[in-house]
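Examination of the molecular architecture
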Amino acid sequence: MIRLLLADDHPVVRAGLRALFSAEADMDVAAEAGSAEDAVAVAAAGGVDVVLMDLQFTGALQGAEATRAVRSRPGAPRVLVLTNYDTDADILGAIEAGASGYLLKDAPPAELIAAVRAAAAGESALAPAVASRLDTRARVPETRLSLREAEVLTLVAAGRSNRQIGQDLFLSEATVKSHLAHIFAKLGVGSRTSAVAAARAAGTIRNS
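Attention here is on the structure that accompanies the text. (Residues numbered from 1 in each chain as written. Predicted model: local features only at pLDDT ≥ 70, side-chain atom pairs only at ≥ 80, totals over all residues. Heavy atoms only, no water.)

Take the overall build of the chain next. Assigned secondary structure in the chain consists of 10 helices and six strands. The C-alpha atoms of the chain give a radius of gyration of 18 Å, which matches the 17 Å a tight globule of 208 residues would have. With the principal axes as the frame, the chain shows a C-alpha extent of 55 × 30 × 30 Å. Looking at the chain as a whole, 43% of its 208 residues are labelled buried. Put simply, 62% of the contacts in the chain that link residues at least 6 apart link residues at least 24 apart. Carbon and sulfur atoms make up 54% of the accessible area of the chain, which amounts to about 9,800 Å² in all. Averaged over its 21 positive side-chain charges, the chain has a centre that lies 6 Å from the centre of its 24 negative ones. (Helix = DSSP H or I, 4+ residues; strand = E, 2+ residues; numbered from the N terminus. Rg over C-alpha atoms; globule rule 2.2 N^0.38 Å. Buried < 20%, exposed > 50% of the residue type's maximum accessible area, 1.4 Å probe, protein only. Contact = heavy atoms within 4.5 Å. Areas by Shrake-Rupley, 256 points an atom, 1.4 Å probe, with all protein chains shown as cover. Lys, Arg positive; Asp, Glu negative; His and termini not counted. Charge placed at Lys NZ, Arg CZ, Asp CG, Glu CD.)

So this is what it looks like as structure tokens:
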């Protein structure tokens, strides 16, 4: 029996997932969490094999950080990210945090069920679109932003100054400027505004 924890701050989403997985003979929805903090606490208590984790929560803690916290404990359950976001920054952040898979909420039910079984078995479970994006990154790495570069540009898009970005990411202001120089070169732009526009158009960072 695969014991699931559904972590999403939308009750309707959790109800739909519960109905889907409860119909499977080898799956049991053992718990639900409406916040990332609750998800970490419930996972730490044990009795869960796979956590279905959203990325965006209303609280301070978000899905990628919660995934890292869940996976940092011995004998931790697998984490399968289930979200609406498919940007490079989100995907790379989740995978780096230890997620076993990354799926979009519009995935067919059969794909979700198969992904949960794969994650429970210790296998990777990526949505086709996500796998394609990662494959593209592998083939043309020199033109793609790194996770840190995407984080810096996401903060630029939020209106943060170089000093503020450095404080947020625990980097020196000189390091932030260096990251921006690399970002401009990779994107073929000469300004912060153009870099944000280009990255959003390419699906590297979120539009909002």
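Inspection of the entire model under this criterion finds zero aromatic pairs. When the ring centre of Y85 is taken as origin, the NZ or CZ atom of R206, which lies over that ring, is 3.6 Å away. (Phe/Tyr/Trp six-rings, centres within 6.5 Å; stacked < 30°, edge-to-face > 60°. Lys NZ or Arg CZ within 6 Å of the ring centre and 35° of its normal.)

In the Ramachandran plot, F170 falls in the positive-phi region, its phi being about 60 degrees despite a non-glycine side chain. Tracing the backbone shows F170 in the loop between α8 (162-169) and α9 (173-187). With a relative accessible area of 78%, F170 lands in the exposed category.

A word on the nonpolar core. Of all hydrophobic cores here, the largest spans 29 residues; its most connected members are L4, F21, L52, L80, Y102 and V116. If you list the elements that add at least two residues to this core, you get β1 (2-7), α1 (11-22), β2 (27-33), β3 (50-53), β4 (78-83), α4 (88-97), β5 (101-104) and α5 (109-120). Tallying contributions element by element places α5 first for this core, with six residues. Apart from the residues within four sequence positions on either side, F21 is in contact with L4, L6, M27, V29, L52, L112, I113 and V116. (Core = buried A, V, L, I, M, F, W, Y, C linked by side-chain atoms within 4.5 Å.)

Let's shift gears to the pairing of β5. The alternating pattern of β5 places G101 and L103 and Y102 and L104 on opposite faces, both of which are buried. Two strands pair when backbone bridges link them, and β4 and β5 are joined in this way by four bridges, in the parallel orientation. Counted as the bridge partner of V81 is Y102 from β5. One crossover worth recording links β4 to the parallel β5 by way of α4, and it is right-handed. Here two bridges tie β5 to strand β6 (residues 125-126), and the two strands are oriented parallel to one another. Bridge assignment links Y102 to a residue of β6, and that residue is L126. Where the polypeptide runs from β5 across α5 and back to β6, its parallel neighbour, the crossover connection is left-handed. (Pairing = 2+ DSSP bridges. Right-handed = clockwise from strand over helix to strand, strands pointing away.)

The next point concerns the sheet that holds β1. An order of β2-β1-β3-β4-β5-β6 is seen for the six strands of this open sheet, with the pairing classed as parallel. Bordering the open sheet on either side are β2 and β6, each of which pairs with just one other strand. Of the strands in this sheet, β3 and β4 touch helix α3 (residues 63-71), which is tilted by about 170 degrees from β4. (Axes fitted to C-alpha atoms, helices over the stretch in contact; angles between N-to-C directions.)

Turning our attention to the pattern of salt bridges. As a working rule, side chains carrying opposite charge can pair if their charged atoms are close by. All chains considered together, the criterion is met by 14 salt bridges. The salt bridge partner of R3 is D49, with a shortest N-O separation of 3.0 Å. Taken together, the residues span a long stretch of sequence, with R3 in strand β1 and D49 in the loop between α2 (36-45) and β3 at a distance of 46 residues. A residue is classified by how much of its surface remains accessible, and R3, at 34% relative accessible area, is partly exposed. When its relative accessible area of 24% is taken as the criterion, D49 is described as partly exposed. Residue E32 pairs with R14 through a salt bridge whose shortest N-O separation is 2.9 Å. Here the residue E32 occupies a position in strand β2, and R14 occupies one in helix α1, the gap between them amounting to 18 residues. For E32, a relative accessible area of 31% gives the class partly exposed. Because the salt bridges share partners, they merge into one network encompassing D8, D54 and K105. (Salt bridge = Lys/Arg side-chain N within 4 Å of Asp/Glu carboxyl O.)

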